[in-house]
Structure formats: C-alpha cells, structure tokens
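Spelled out, the chains give:
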Amino acid sequence: QVQLVESGGGLVQPGGSLRLSCEASGSIFSIFTMGWYRQAPGKQRELVATIARGGSTNYADSLKGRFTISRDNAKNTMYLQMNSLKPEDTAVYYCNAHFQITDYWGQGTQVTVAS
C-alpha cells in the first residue's frame, strides 16, 4: 500500500503563510494524481487542489490565487503553499493520492489560523 505523510501544519496569524508537504512511499508516486483536501470543524471534507502527473492543476474556486499546489516526482513529494491565510482556512489538511478507482490518504496535518 501507498503510505502518505503530511507535515508543515501549525498555528499562523491571519495573513501569514504556511507550506505543507506530503511525502509518499514507494517508487510509483509519479502515476498518481495528487491532491490536498481539508476538513474544518463541523464541515465536510472538501477539495483544495489537485495536480496531475504532468503538472496540470485544479483549485477550489475560493482558494485560487492564494494557494499553490506543486509536486516533485523525483522526491515523491507534493506541496501546498498557502498564502494570505484566513481564519476560515483553519482545518485538518489531508494528502490524497488517486489512481483509477483507488484513493490513499495521509493522516492529516492541522492548520490553525488565528490571532
């Protein structure tokens, strides 16, 4: 099975920035569409952004322009650069790997945006 490990979460003030990382085990990272999802208290898990094998990206409309997803296939790692953070960005952020009908998930990393 694919193992995904997120890191980089923490507490940040509104307007600040964080960079999340997701490292995947194995040598098959490059075949996956990768993505970031988040789940805020009382909310359903929602899509943040995805990035395909060749680097094509999709973002949730509300986040486009503030968040940037990227991947380094040689390092088996995906990133999420989060800028201009708002309190409503507070959530557990999850790494996802998708291939055909299979999904793998990381354990999540907490992002808290507060003064």
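For the structure, see preceding data.
All values derive from a computational prediction rather than experimental measurement.

Asks: Outline the overall build of the chain, supporting the account with residue identities and numerical values.
Replies: A tally of helices and strands in the chain yields zero helices and eleven strands. For the chain, the N- to C-terminal ordering of α and β elements is β-β-β-β-β-β-β-β-β-β-β. For the chain, the C-alpha radius of gyration of 13 Å lies close to 13 Å, the compact-globule estimate for 115 residues. Its C-alpha atoms put the chain at 40 × 25 × 25 Å along the principal axes. For the chain, the residues scored as buried account for 43% of the 115 residues in total. Across the chain, the fraction of contacts at a sequence separation of at least 24, relative to all contacts at a separation of at least 6, is 54%. For the chain, the computed accessible surface area is about 6200 Å², with 47% contributed by carbon and sulfur atoms.

Asks: Give a detailed account of the pairing of strand E10 (residues 102-105), specifying residues and quantitative values.
Replies: Bridging between strand E9 (residues 91-99) and E10 involves four bridges; their strand directions are antiparallel. Counterpart to His-98 in the pairing with E10 is Asp-103. Two successive antiparallel strands, E9 and E10, enclose a turn made up of two residues, where Gln-100 displays a positive phi of approximately 55°.

Asks: For the sheet that holds strand E8 (residues 77-82), give the residues involved together with the corresponding values.
Replies: Strands sit in the order E1-E3-E8-E7 across an open sheet of four strands; the sheet is antiparallel. Looking at which strands have only one partner, the edges of the open sheet turn out to be strand E1 (4-7) and strand E7 (67-72). Ignoring strand direction, the axes of neighbouring strands in this sheet form an average angle of 15°. Pairing geometry for E7 and E8, over six bridges, is antiparallel. Along E8, the bridge assignment pairs Asp-72 with Thr-77.

Rules used in this analysis
- Residues numbered from 1 in each chain as written.
- Predicted model: local features only at pLDDT ≥ 70, side-chain atom pairs only at ≥ 80, totals over all residues.
- Heavy atoms only, no water.
- Helix = DSSP H or I, 4+ residues; strand = E, 2+ residues; numbered from the N terminus.
- Rg over C-alpha atoms; globule rule 2.2 N^0.38 Å.
- Buried < 20%, exposed > 50% of the residue type's maximum accessible area, 1.4 Å probe, protein only.
- Contact = heavy atoms within 4.5 Å.
- Areas by Shrake-Rupley, 256 points an atom, 1.4 Å probe, with all protein chains shown as cover.
- Pairing = 2+ DSSP bridges.
- Axes fitted to C-alpha atoms, helices over the stretch in contact; angles between N-to-C directions.

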